[in-house]
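Coordinate analysis (summary)
Below, each chain spelled out in residue letters.
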Amino acid sequence: MEFIPAGEIIGEAHQVRTVTIKQSPQLPDGEYSFIDTYCADPDCDCRKTMIQVMHNGKLVSIINYGWESATFYESWMGSSAKDNSMPKMHGASIDITSPDLVGRDGMLALFNALLNDIWIAKIKRHYDEVKAAMSERTK
Ligand SMILES: [Zn+2]
C-alpha cells in the first residue's frame with residue numbers, strides 16, 4: 001500500500017500542522033510538523049492516515065490514525081481482525097516503520113492532545129480529496 005502526502009495531491013489548499021514545543025518532560029524542544037499522508041489506491045477504503053512527524057526538518061516518528069470506530073475496522077478487515085498481530089487501526093498508534101527518534105509515549109500524548117474536531121475534519125477532507133484525485137488519474 002503506497003502512502004502519499006496530501007500536499008502533493010491537493011497542493012496549495014493543504015496546510016501542514018506545526019507546533020512548537022518548549023520544556024516538555026517527554027519531547028525535545030523545537031518545531032514539530034505533522035504531514036498527513038494517505039493510501040493512494042482509489043479502490044481501497046481503509047479510512048486512515050499515516051502522519052509523518054518532522055522535528056526541525058527531520059523525520060522522527062510515524063503515527064497511524066484511524067478516525068472510524070474499532071467496529072468499522074474489524075468488519076473492514078474481516079476475520080483477520082481477530083488476529084492480534086494485526087495493527088490497531090482505530091485511534092492513534094505509532095507505526096511499525098516509525099524511526100522513533102523521540103519517545104513513543106510522548107509523541108502519542110502530543111498527537112492526542114492536538115487532535116480536535118477541526119483537525120479530524122481536515123484529515124477526513126484530505127482523505128476524500130486524495131482518493132478523488134487518484135481515481136481521476138487512473139481513469
Ligand atoms: Zn488503503
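In this text, all values refer to a predicted model and were calculated from it rather than measured experimentally. (Residues numbered from 1 in each chain as written. Predicted model: local features only at pLDDT ≥ 70, side-chain atom pairs only at ≥ 80, totals over all residues. Heavy atoms only, no water.)

Below, the discussion takes up helix H4 (residues 117-137). Helix length check: H4, at 21 residues, gives a terminal C-alpha distance of 30 Å against a target of 30 Å (1.5 Å per residue), a fit within 8%. Where H4 is concerned, the buried positions are Trp119, Ile120, Ile123, His126, Tyr127, Val130, Lys131 and Met134. Down the axis of H4, the sector holding all buried residues measures 130°, keeping them to one side. Relative to its buried face, H4 has exposed residues pointing more than 90 degrees away, namely Asp117, Ile118, Asp128 and Glu136. (Helix = DSSP H or I, 4+ residues; strand = E, 2+ residues; numbered from the N terminus. Expected span 1.5 Å × (residues − 1). Buried < 20%, exposed > 50% of the residue type's maximum accessible area, 1.4 Å probe, protein only. Arc of directions from axis to C-beta.)

What follows covers the coordination of the zinc ion. Donor atoms from the polypeptide that coordinate the zinc ion comprise Cys39 (SG), Cys44 (SG) and Cys46 (SG), at 2.2 to 2.3 Å from the metal. Read from N- to C-terminus, the donor residues coordinating the zinc ion fall into the pattern C-x4-C-x1-C. As far as burial versus exposure is concerned, Cys39 and Cys46 are alike and both buried. (Donors = N, O, S within 2.8 Å, 3.2 Å for Na, K, Ca; no water.)

Turning to unusual backbone geometry, a few remarks are in order. At Arg47, a position not held by glycine, the phi torsion is positive, near 50°. Relative to the assigned elements, Arg47 resides in the loop between strand E3 (30-39) and strand E4 (48-55). With relative accessibility at 25%, the residue Arg47 sits in the partly exposed group. Even without being glycine, Asp100 reaches a positive phi, approximately 50°. With respect to the helices and strands, Asp100 occurs in the loop between strand E6 (91-94) and helix H3 (104-114). Overall, Asp100 belongs to the partly exposed group, its relative accessible area being 28%.

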